[in-house]
Amino acid sequence: MQWARMVAHENGFVAVIMRSDTYTGSRGKTSFVLIKCERSGQYKCRKKEFVRRDTGTRKCGCPFKLCGKLVHGGEGWMVMLICGIHNHELAKTLVGHPYVGRLTNDEKNIIAGMTKSNVKPRNISLTLKEHNANSCTTIKQIYNARSAYCSSIRGDDTEMQHLMRLLERDQYIHWHRLKDEVVVRDLFWCHPDAVKLCNACDLIFLIDNTYKTNRYKLPLLDFVGVTPTGMTFSVGFAYLEGERVNNLVWALERFQSLFLRNGRLPVVIVTDRDLALMNALKIVFLECTNLLFRFHIDKNVKAKCKSLIGQKNVWEYVMDSWGTLVDCPSEQQLPEHLQRFQVACSLWPMFVDYVCETWIVPHKEKFIKAWTNKVMHLGNTATNRYLNVLLL
């Protein structure tokens, strides 16, 4: 089989075993193996389906067939070519063929070891290429091997049971609450070292939700702290049943319990314009100042500008006027800056109404410099620092 597959690879196709049997020499029979092309035969649907799915198959009824029989005495094999014709074009490369890219036991051990070390799949692929330059393994097969390894570690436990066991083993601080005493509704966890950093650097925190980052489509609430030197650190995480005020209040109360001294609570918490999160902050952190991410606001305003103003050469002029308005240095000068902005954008009244009704009137104290400069925020309203944290 090793010889047959080597010759097949050199000619641009994959040889697989069609049928084989082993005899001990009784009744004059000898052991044999019937070899075929991987594209021989026809695809058969395993289940009867009312609606046929649009699926593809490699099988095209290739007639190629090769038979190998064991020579009497067991000194070698006799190979007979039954049909040497292919009804398809031979491949120039075998990359992407599942059988050729099948991982060996040694390669699976390498993937398991590198997965333990949190090595990225693309780096694992490069390592396998270094060990075997002729490897046809694809990144998909590496992902499948990683998934199989993680499932083997979990054993018979569900993913939630495995997570709880890991949190207990590594002594993470965690809370959860159940729904109907069976299903985990909300889950909050943090590392013990994060609690020390949280109490040492308790001035500014960034809180935001991420979406569609897990298979269950649950929102992940991320708590990020900022040191006086401008560096960031993860405080804690919370998987929530939904983005409702009740769930967010529970997560914020767990976050509040990390502070060991009641008098040392966050001074500034920066969020995006998530109304549920902003309302939850008013309930849990009464004396905290809630600021909004300037980066997110600029991004939304720019998107609205492009949708309402069709002239590309005007976009920069309008956004410069918006930037001047946001950088207003004092409360007394805001009416003057707002009037200049309205005059500059007078040809697009819908854009002016959007800016005033969505941002200026309800939230001006949370992102305009005249108000944000009254509290120490270390510049965490005018940058996209939080996005950089997520990317890292």
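Every value quoted in this text rests on a predicted model; they were computed, and no experiment measured them.

## Quick look at the pairing of strand β3 (residues 65–70)
Piece 1. Both strand β2 (residues 32–37) and β3 contribute to a ladder of five bridges, which runs antiparallel. Looking at the pairing, L34 lines up with C67 of β3.
Piece 2. For β3 and strand β4 (residues 77–83), the ladder comprises six bridges, and the chain directions are antiparallel. Each residue of the ladder has a partner; that of K65, found in β4, is C83.

## Digging into the packing of helix α9 (residues 294–308) against helix α12 (residues 349–367)
Piece 1. Here α9 crosses α12 at 170 degrees, and the two axes come no closer than 10 Å. Relative to α12, the element α9 is oriented roughly antiparallel. Contacts from I297, N300, V301, K304, C305 and L308 in α9 reach M350, F351, Y354, V355, W359 and F367 in α12.

## Points about the sheet that holds strand β1 (residues 15–21)
Piece 1. Here four strands make up an open sheet; going across it, the order is β1-β2-β3-β4 and the pairing antiparallel. Pairing within the sheet leaves two strands with one partner each, and these edge strands are β1 and β4. In this sheet, adjacent strand axes meet at a mean angle of 20 degrees when their direction is disregarded.
Piece 2. Both β1 and β2 contribute to a ladder of six bridges, which runs antiparallel. Within the sheet, the bridge partner assigned to D21 lies in β2 and is F32.
Piece 3. In this fold helix α1 (residues 2–11) packs onto β1, β2 and β4, with an angle of close to 155 degrees to the strand it touches most, β1.

## Comments concerning the sheet that holds strand β11 (residues 289–292)
Piece 1. Strands sit in the order β5-β6-β9-β8-β7-β10-β11 across an open sheet of seven strands; the sheet is mixed. Two strands bound the open sheet, and with one partner strand each, they are β5 (173–179) and β11. Averaged over all adjacent pairs, the angle separating strand axes in this sheet is 20 degrees, with direction ignored.
Piece 2. The sheet contact formed by strand β10 (residues 268–271) and β11 spans four bridges and is parallel. Bridging across to β11, I269 finds its partner in N290.
Piece 3. Its contacts with the sheet place helix α7 (residues 245–256) against β5, β6 (183–190), β7 (204–210), β8 (220–226) and β9 (232–239), and it is angled at close to 35 degrees to β6.

## Here's the deal with the side chain of N290
Piece 1. The topology assignment puts N290 in strand β11.
Piece 2. One polar contact links the side chain of N290 to the main-chain carbonyl oxygen of I269, over a distance of 3.0 Å.
Piece 3. Of the polar contacts made by the side chain of N290, one reaches the side chain of T271; its length is 3.3 Å.
Piece 4. Apart from residues no more than four positions distant in its own chain, N290 is found in contact with I269, T271, M278, L281 and K366.

What counts and what doesn't
Residues numbered from 1 in each chain as written. Predicted model: local features only at pLDDT ≥ 70, side-chain atom pairs only at ≥ 80, totals over all residues. Heavy atoms only, no water. Pairing = 2+ DSSP bridges. Helix = DSSP H or I, 4+ residues; strand = E, 2+ residues; numbered from the N terminus. Axes fitted to C-alpha atoms, helices over the stretch in contact; angles between N-to-C directions. Parallel < 35°, antiparallel > 145°, perpendicular 65-115°, else oblique. Contact = heavy atoms within 4.5 Å. Polar contact = N/O pair within 3.5 Å; in protein donor to acceptor, adjacent residues only side chain to side chain.

Interpretation in functional terms is not warranted from these geometric data alone.
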